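Each chain is listed here by its residues.
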Amino acid sequence: MNFPGLPLLLQSIVSGILMGGVYSLVAIGLTLIFGVMQIINFAHGSLMMLGMFTTYWLYVLMGVDPYLSLLFSIPICFVLGLLIERFLITPVLDAPAHNQLLLTLGLSLFIENLALFLWSPNFRTLDIPYLQTAVTVGTVMISFPKLVAFFFALLLTAFLYYFLKNTDLGKAIRAASMEREGALTVGINLRWVYCLAFGIGTACVGAAGTLSAPFFYVNPSVGGIFVITAYVVVVFGGMGNFIGALVGGLIIGVAESVGAAFFPGQLKKFIIYFIFILILLFKPEGIFGRRSE
Amino acid sequence: MLSIKDLDVHYDDVQVLHGVTMEVRATEIVTIVGANGAGKTTLLKTITSIHRSSKGQIWFEGERIDHLSPHHIVDRGLIRIPEGRKIFPTMSVLENLELGSYLPKAKALRSESMGKVFDLFPRLRERTRQLAGTLSGGEQQMLAIGRGLMTLPRLLMLDEPSLGIAPLLVREIFRTIREVNHQGTTLLLVEQNVFNALDMAHRGYVLENGKIVLQGEAHDLLGNEYIKESYLGI
Ligand SMILES: Nc1ncnc2c1ncn2[C@@H]1O[C@H](COP(=O)(O)OP(=O)(O)O)[C@@H](O)[C@H]1O
Ligand SMILES: [Mg+2]
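Residues numbered from 1 in each chain as written. Chains lettered and ligands numbered in written order. Predicted model: local features only at pLDDT ≥ 70, side-chain atom pairs only at ≥ 80, totals over all residues. Heavy atoms only, no water.

A.B. asks: Give a description of the overall build of chain A that names residues and reports values.
C.D. replies: In terms of helices and strands, chain A carries eleven helices and two strands. In sequence order, the secondary structure elements of chain A are arranged as α-α-α-α-β-β-α-α-α-α-α-α-α. Over its C-alpha atoms chain A spans a radius of gyration of 19 Å, differing by no more than 12% from the 19 Å that the globule rule assigns to 293 residues. Overall, chain A is about 60 × 50 × 35 Å in size when its C-alpha atoms are taken along their principal axes. (Helix = DSSP H or I, 4+ residues; strand = E, 2+ residues; numbered from the N terminus. Rg over C-alpha atoms; globule rule 2.2 N^0.38 Å.)

Dropping the structure here:
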């Protein structure tokens, strides 16, 4: 164990918050799907990877700026989510939870292996000069792509929050997650709401993929790295709880990055798994409770 | 208006409804009474397609509806106020009512319907911003009925609206239900509160272990010896 000095600690906190924004977005996608459908989507990570590759190939093949590719990765992932829900999840909606779990796990293996076949396991990075820049504030260095990712992640989250809170369709999604039978009695088409929730959840993680590609590597198994942390966030913030996922993402981001300053190398994720186990043991409903708002 | 023919319903292998045949005519109040577990809720869930029948037919306004999706049934004006209310607890009273007018036809008349609901239940008007889950049981029932009215029902089916509610509020709720009927909405009222239900209804059916064992004019049923003995404890 190391004892980092103040500058390193400050640096860790800032980096953690920035990464936390991305974790929040990934976790919000996951928690939305869980809140509405009571399904834990184990394919979330591979869907994120598809978002990253969308951005990567759009840049490499057509020179599309990575941030501009949000305009593609979001709708592509949204439609992909709709189709997955309609053709793979709908048939197992009434099946026991372990069947659903195996299905999403199988889907994840399928997507990753397809990606391995198509794109090889090579680690790829976006080599664009402006992505290598950083802003320095005092002793703290802020990487430009992480700052942009954080900003867009919060913007998309705010947009989604507004949609869920203020539109009829958004309210229908929340209604279905609170009280299925009540939703049916007012004429909400649950099938469509499930499709939509899965589509939105996938669009969130796809966007997170696009936002991460500029500062991370891209390869077929990369999604798992983010999504495992997002599971911790979802459990921490309360399964199905939107605000919990948002705040939880930032807290877990900081915990991870400060943890890494104390426990270097292989142990760097030690802190967040430790938090994960503590929460499961002592506060399984999460810090913010299950789907409050 | 609503006509059910020879309906059988199962949960997996267990048969819960046996050859149920019944009818509701326009502008009537019809009640289905029966003990806990008789199959009343199952019947209403089957009518609204939340649960599927294994045999029989359901007709509404000249159209067979037992193959439709739940939201299409709501769109036709066949509305159920579920047992246990099933309101949206962490939404405000106002949002709950708004969601009642979720479908396009109802949405077009949202503010007008809302005015009518508030006239029927002035308590709701005072509490529009309150979270629905923090209302008392009786107020939640009013909200559930109000939300149902927002969907523009042609036939409103109420599943045990008096369950778990203070007697004073039960009287208020029954008075309002009658008022809704006077304003032109047909009602199907499911109750264990046999006396109140028969007192208010035009006609009634008695459901026992998933079978209709008695039916007739509500007034006659109130005087029926079997009902007096088994349900009214007289
Ligand atoms: N989801 C379900 N799965 C299995 N059995 C059920 C289910 N719901 C109700 N039942 C059974 O069906 C019968 C009728 O229940 P219900 O329709 O709720 O009666 P009631 O509304 O008259 O009290 C009961 O024996 C009950 O145990
Ligand atoms: Mg019942």
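A.B. asks: I'd like to hear about the site of ligand 1, residue by residue, with values.
C.D. replies: Residue and element names in this part refer to chain B. Close to ligand 1 lie Y11, V16, A35, N36, G37, A38, G39, K40, T41 and T42. Between T41 and ligand 1, the recorded distance is 2.7 Å, taken from a side-chain N or O atom to an oxygen atom. With the chains in place, 56% of the 550 Å² that ligand 1 exposes on its own is no longer accessible. Sort the elements by how many residues they give to the shell around ligand 1 and helix α1 (residues 40–47) lands first, with three residues. Counted by class, the shell around ligand 1 contains four nonpolar, five polar and one charged residues. (Near = heavy atom within 4 Å. Polar contact = N/O pair within 3.5 Å; in protein donor to acceptor, adjacent residues only side chain to side chain. Areas by Shrake-Rupley, 256 points an atom, 1.4 Å probe, with all protein chains shown as cover. Nonpolar A, V, L, I, M, F, W, Y, C, P; charged D, E, K, R; others polar.)

A.B. asks: Any details on the sheet that holds strand β4 (residues 55–60) of chain B? Residues and values, ideally.
C.D. replies: Residues and elements named next belong to chain B. What the four strands build is an open sheet, ordered β2-β1-β4-β5; its pairing is antiparallel. Either end of the sheet is taken by a strand with one partner, and the two such strands are β2 (14–24) and β5 (63–64). Bridge count for β4 against β5 is two bridges, and the pairing is antiparallel. Its bridge partner being in β5, F60 is matched across the sheet by E63. The sheet contacts of α1 involve β1 (2–11), β2 and β4, and relative to β1 the element is tilted by about 115°. (Pairing = 2+ DSSP bridges. Contact = heavy atoms within 4.5 Å. Axes fitted to C-alpha atoms, helices over the stretch in contact; angles between N-to-C directions.)

A.B. asks: Please set out the packing of helix α5 (residues 144–166) of chain A against helix α10 (residues 242–262) of chain A residue by residue, giving values where relevant.
C.D. replies: All names here are of chain A. Relative orientation of the contacting elements α5 and α10 amounts to 170°, with a least axis distance of 11 Å. For the element pair α5 / α10, the angle class is roughly antiparallel. Of the residues in α10, those in contact with F150, L154, T157, L160, Y161 and L164 of α5 are F242, I243, L246 and L250. Its residues assigned to classes, the contact of α5 with α10 shows nine nonpolar, one polar and no charged. (Parallel < 35°, antiparallel > 145°, perpendicular 65-115°, else oblique.)

A.B. asks: I'd like a rundown of the coordination of the magnesium ion (ligand 2), residues and numbers included.
C.D. replies: Within the protein, B:T41 (OG1) and B:E83 (OE) serve as the donor atoms for the magnesium ion (ligand 2), at 2.0 to 2.1 Å. Taken together, the positions of B:T41 in helix α1 and B:E83 in the loop between β6 (78–81) and α3 (93–100) put the pair 42 residues apart, joining distant regions of the chain. (Donors = N, O, S within 2.8 Å, 3.2 Å for Na, K, Ca; no water.)

A.B. asks: Outline the environment of A:W119, listing residues and values.
C.D. replies: All names here are of chain A. Relative to the helices and strands, W119 resides in helix α4 (residues 97–119). On a C-alpha basis, the gap between W119 and K283 in space is 42 Å, while along the polypeptide they are 164 residues apart. Those residues in contact with W119, other than ones at most four positions away along the chain, are M49, L50, F53, W57 and R124.

A.B. asks: Got a sec to walk through the pairing of β1(B)? Specific residues and values, please.
C.D. replies: With seven bridges joining them, β1(B) and β2(B) adopt antiparallel strand pairing. Note that in β2(B) the partner of B:V9 across the bridge is B:L17.

A.B. asks: Report on the interface of chain A and chain B, specifying residues and quantitative values.
C.D. replies: Opposite the 20 residues of chain A that make contact, chain B presents 24 residues. Carbon and sulfur atoms supply 60% of the area buried between chain A and chain B, which totals about 2,000 Å² over both sides. Counting across the interface, chain A meets chain B through seven salt bridges. A salt bridge links B:E95 to A:R174, with the shortest nitrogen-to-oxygen separation between them at 3.7 Å. Linking chain A to chain B there are five residue pairs in polar contact (both at pLDDT 80 or more). Sorting the residues of the side of chain A that touches chain B by element identifies α6 (168–178) and α7 (180–185) of chain A as the ones contributing at least two each. Tallying contributions element by element places α6(A) first for the side of chain A that touches chain B, with seven residues. Among the residues forming the side of chain A that touches chain B, the class breakdown is eight nonpolar, five polar and seven charged. (Buried area = accessible area lost by both parts, 1.4 Å probe. Salt bridge = Lys/Arg side-chain N within 4 Å of Asp/Glu carboxyl O.)

A.B. asks: How would you explain α6(A) if you had to name every residue and give the values?
C.D. replies: Across the eleven residues that make up α6(A), a large majority, ten, are buried. For α6(A), the full list of buried residues reads A:D168, A:G170, A:K171, A:A172, A:I173, A:R174, A:A175, A:A176, A:S177 and A:M178. (Buried < 20%, exposed > 50% of the residue type's maximum accessible area, 1.4 Å probe, protein only.)

A.B. asks: Can you explain the environment of A:W57? Please cite residues and give values.
C.D. replies: All names here are of chain A. Mapped onto the secondary structure, W57 falls in helix α2 (residues 44–62). Under the relative-accessibility criterion, W57 is labelled partly exposed at 23%. For W57, the contacting residues outside a window of four places in its chain are M62, W119 and R124.

A.B. asks: Residues and numbers for the sheet that holds β6(B), please.
C.D. replies: All names here are of chain B. What the six strands build is an open sheet, ordered β6-β7-β8-β3-β9-β10; its pairing is mixed. Among the strands making up the open sheet, the edge pair consists of β6 and β10 (211–217). Adjacent strand axes in the sheet meet at a mean angle of 15°, parallel and antiparallel pairs treated alike. In the packing of helix α7 (residues 137–150) onto the sheet, contacts are made with β6 and β7 (155–159), and the angle to β6 comes to roughly 170°.

A.B. asks: Tell me about the packing of aromatic side chains, residues and numbers included.
C.D. replies: Taken as a whole and assessed by the stated rule, the structure comprises 16 aromatic pairs over all chains. Here A:Y130 and A:F144 contribute two aromatic rings whose centre-to-centre distance is 5.8 Å and whose plane-to-plane angle is 70°, an arrangement assigned as edge-to-face. Taken as a pair, A:Y130 in the loop between α4 and β1 (134–137) and A:F144 in helix α5 lie far apart in primary sequence, 14 residues in all. Taking the relative accessible area as the measure of exposure, A:Y130 reaches 30% and is therefore partly exposed. Every member of this aromatic cluster is reached through a ring pair, and the members are A:Y23, A:F123, A:F215, A:F216, A:Y217 and A:F226. Note that A:R86 overlies the ring of A:F87, its terminal NZ or CZ placed 5.2 Å from the centroid. Lying across the ring of B:F88, B:R147 places its NZ or CZ 4.7 Å from the centre. (Phe/Tyr/Trp six-rings, centres within 6.5 Å; stacked < 30°, edge-to-face > 60°. Lys NZ or Arg CZ within 6 Å of the ring centre and 35° of its normal.)

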